[in-house]
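Coordinate inspection notes
Chain residues, written in single-letter form:
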Amino acid sequence: MKSLINKSRVKSPWLIHFDCGSCNGCDIEVLACLTPVYDIERFGILNVGNPKHADILLVTGTVNHRNKKALKNVYDQMPEPKVVVAIGACGTTGGVFREAYNVVGGVDKVIPVDAYVSGCAPKPEAIIDGVIIALGKLAEKGKRVDQGIFERLEQTQTNIKKR
Ligand code: SF4
């Protein structure tokens, strides 16, 4: 049962994209991943608009003092297990904007990042590679989360039997 849940999570993960103030170069490449040419849906990946439904968070652009709260808010709404992919020079380090007065830096300054995709802008192939790396981490995190859930369920069963 545990392995079935984990397998289905990794075989059909849902993804949400958050733009932290990108120049839209990276965003266009993310959209290209969804087109029939790159067709990320062939991996069972579905793009969704609600963080409460998402397993993977793709972040483009530089984190600044105005959007860091919104980014954290989106991340916090995602259920465990979840993974984050930072995309492009801006998402990974702050890029050319990193020393600007209003810039916090890369995505990992605000939330934990599981995969980094370099480039300005990165090619769709590189973004898909980043997502696949993140899926491996999602599987690992999923095992830990499932273990905790099953342990709690078993404990509940034991408590019920004792009554
Ligand atoms: S990494 Fe390059 S393409 Fe992507 S948001 Fe930054 S400046 Fe734009």
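Think of each chain on its own: its residues are numbered from 1, step by step along the sequence as written. Per-residue local features are limited, in this predicted model, to residues with pLDDT of at least 70; the limit for side-chain atom pairs, both in listing and counting, is 80 or more; totals at the level of whole chains, interfaces and linings are taken over all residues.

1. A closer look at the site of the ligand
The local shell around the ligand consists of Ser-22, Cys-23, Gly-25, Cys-26, Thr-60, Gly-61, Gly-88, Ala-89, Cys-90, Gly-95, Cys-120 and Ala-121. Within the residue set of the shell around the ligand, elements represented by two or more residues are helix 2 (25-34) and helix 4 (88-93). What counts as a helix is a DSSP run of H or I of at least four residues, what counts as a strand is a run of E of at least two, and both are numbered from the N terminus. Here the element with the most residues in the shell around the ligand is helix 4; it accounts for 3 residues. Of the residues in the shell around the ligand, the class split is 6 nonpolar, 6 polar and no charged. The C-beta atom of each residue is placed using the backbone, and any residue whose C-beta lies within 6 Å of a molecule or strand is treated as near it. Note that Gly is not counted as nonpolar here; it falls among the polar residues with everything else outside the nonpolar set of Ala, Val, Leu, Ile, Met, Phe, Trp, Tyr, Cys and Pro and the charged set of Asp, Glu, Lys and Arg.

2. Here's the deal with unusual backbone geometry
Along the chain, Glu-80 connects to Pro-81 via a cis peptide bond; the corresponding omega equals -5 degrees. Following the sequence through the fold, Pro-81 ends up in the loop between helix 3 (68-77) and strand 5 (83-87). The linkage connecting Cys-120 with the following residue, Ala-121, adopts the cis geometry, with an omega of -10 degrees. In this structure, Ala-121 sits in the loop between strand 7 (115-117) and helix 5 (124-162).

3. Section: the sheet that holds strand 1 (residues 14-19)
Pairing is parallel across the open sheet formed by 5 strands, whose spatial order is 2-1-3-5-7. In this open sheet, the two strands that pair with only one neighbour each are strand 2 (46-47) and strand 7. Contact between two residues is assigned when their C-beta atoms, built from the backbone, lie within 7 Å. The convention used is that axes are lines fitted to C-alpha atoms, helices contributing only their stretch in contact, and that angles between N-to-C directions extend from 0 to 180 degrees. On the sheet, helix 2 packs against strand 1, strand 2, strand 3 (56-60) and strand 5 and is oriented at approximately 145 degrees with respect to strand 3. Packing against the sheet, helix 5 makes contact with strand 3, strand 5 and strand 7, and its axis sits at approximately 160 degrees to strand 5. Here the rule is simple: two strands pair whenever DSSP picks up at least two bridges between them.

4. A closer look at the pairing of strand 5
Of all 5 residues making up strand 5, 5 are buried, and the element is well covered by its neighbours. Exposure classification rests on a simple neighbour count of other C-beta atoms within 10 Å of a residue's own: a residue reaching 20 or more is buried, one at 12 or fewer is exposed, and one in between is partly exposed. C-beta atoms are placed from the backbone. Here strand 5 shows two buried faces, one formed by Val-83, Val-85 and Ile-87 and the other by Val-84 and Ala-86. For strand 3 and strand 5, the ladder comprises 5 bridges, and the chain directions are parallel. The residue bridging Leu-58 from the neighbouring strand is Val-85, located in strand 5. Pairing between strand 5 and strand 7: 3 bridges, direction parallel. Following the sheet pairing, Ile-87 is matched in strand 7 by Val-117.

5. Details of the packing of helix 2 against helix 5
Angle between the axes and distance between the axes are the two parameters that describe a pair of packed helices. Packing of helix 2 against helix 5 brings their axes to within 9 Å, and their N-to-C directions diverge by 75 degrees. For the element pair helix 2 / helix 5, the angle class is roughly perpendicular. Contact residues: Glu-29, Val-30, Ala-32 and Cys-33 in helix 2; Pro-124, Ile-127 and Ile-128 in helix 5. Split by residue class, the contact of helix 2 with helix 5 holds 6 nonpolar, no polar and 1 charged. Any angle between 65 and 115 degrees counts as roughly perpendicular, while under 35 counts as roughly parallel, over 145 as roughly antiparallel, and the rest as oblique.

6. Focus: the environment of Ala-54
Within the secondary structure, Ala-54 is located in the loop between strand 2 and strand 3. Overall, the presence of 25 C-beta atoms within 10 Å leaves Ala-54 in the buried class. Remark: the alpha-carbon pair of Ala-54 and Ala-86, spanning 32 residues in sequence, is separated by 16 Å. Residues contacting Ala-54, with those up to four places away along its chain left out, are Trp-14, Leu-15, Ile-16, Val-48 and Met-78.

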